[in-house]
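The residues making up each chain are set out below.
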Amino acid sequence: MRQTTFSQMVVLLGLGLAVSSCTGGGEGPIVPPPPAPAEYADMHMPEGWWSDEAKAEEGRKLFIGETNPDVNCASCHGKDGKPVKAGARDFRVGERMKLYSDSVWFWRISEGVPNTKMKAWKSKLSEEDRWKVMLFERNFGLSGKGWDPAKKAWVAAAEVGKAPAAGAPAEAPAGGDSAASPEAPATEPAATPAAPAAEGK
Ligand code: HEC
């Protein structure tokens, strides 16, 4: 039952276009994904990888099944990111994908989504390969960005892990006069905006 005739595809594409004009890409309303379970919540993209084009290119080869024909994300998600199987996540919809932290994204690749065609890939992909394939997938809707775990947001890839440029007193003053510098609001909580997850419906 794997064959899809060309005319069926055209009908599906037409439907998809009709629906996508008013929702998040034909996949229903844009809602935040569930939080990653504890064992994934603290897993993040290895340092420096968000800007690493070579790693993303390895991810592309994994995604299209070139590295391992048993792992072919493109067979559902589409080579160019346009889903070819109904219901497959459309990574081009940045409005939706920006609600996914790297931990959630990694968790879904690792464990799949229950009761859908999206299966668990952790037995076929090493941890590193799962991060690489994610690098490639984020290029469709969040190109040039990376998830910053401290800021809990997608930021420019080169800025991931960097302290905010201004207004952050980096270190306590050295030496014995730590009571000085009254202008340093050292005890003020970092300006972490509330998670944007609830918005964008
Ligand atoms: C047999 C078809 C199929 C293949 C192959 C496939 N996926 Fe999926 N994928 C889906 C479907 C369907 C969904 C939507 C699941 C849902 O409804 O939440 C999905 C969703 C996802 C999501 C988002 C999960 C969420 O919570 O929204 C990610 C990330 C993902 N796939 C990554 C991958 C990667 C990486 C590969 C290759 C290693 C892959 N997929 C291969 C069908 C597939």
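Report on the accompanying structure. Quick caveat, the model's predicted, so the values are computed rather than measured. (Residues numbered from 1 in each chain as written. Predicted model: local features only at pLDDT ≥ 70, side-chain atom pairs only at ≥ 80, totals over all residues.)

Turning our attention to helix H3 (residues 53-63). All of the buried residues in H3 are Ala56, Glu58, Gly59, Leu62 and Phe63. Burial along H3 is one-sided: seen end-on, the buried residues are contained in an arc of 155°. Opposite the packed face of H3, turned more than 90 degrees from it, sit the exposed residues Glu53 and Ala54. Along its buried surface, H3 packs onto helix H4 (74-77) and helix H7 (127-141). (Buried ≥ 20, exposed ≤ 12 C-beta atoms within 10 Å, placed from the backbone. Helix = DSSP H or I, 4+ residues; strand = E, 2+ residues; numbered from the N terminus. Arc of directions from axis to C-beta. Contact = placed C-beta atoms within 7 Å.)

The pairing of strand S1 (residues 145-148) with strand S2 (residues 153-156) spans four bridges and is antiparallel. Its bridge partner lying in S2, tryptophan 147 is registered against tryptophan 154. Taking the residues between adjacent antiparallel strands as the criterion, S1 and S2 are bridged by four residues, where lysine 152 takes a positive phi near 50°. (Pairing = 2+ DSSP bridges.)

Of all residues adjacent to the ligand, which total 20 residues, the nearest are Cys73, Cys76, Arg89, Arg108 and Met118. Broken down by secondary-structure element, the contributors of at least two residues to the shell around the ligand are H4 and helix H6 (102-111). Broken down by class, the residue content of the shell around the ligand amounts to eleven nonpolar, five polar and four charged. (Near = placed C-beta within 6 Å. Nonpolar A, V, L, I, M, F, W, Y, C, P; charged D, E, K, R; others polar.)

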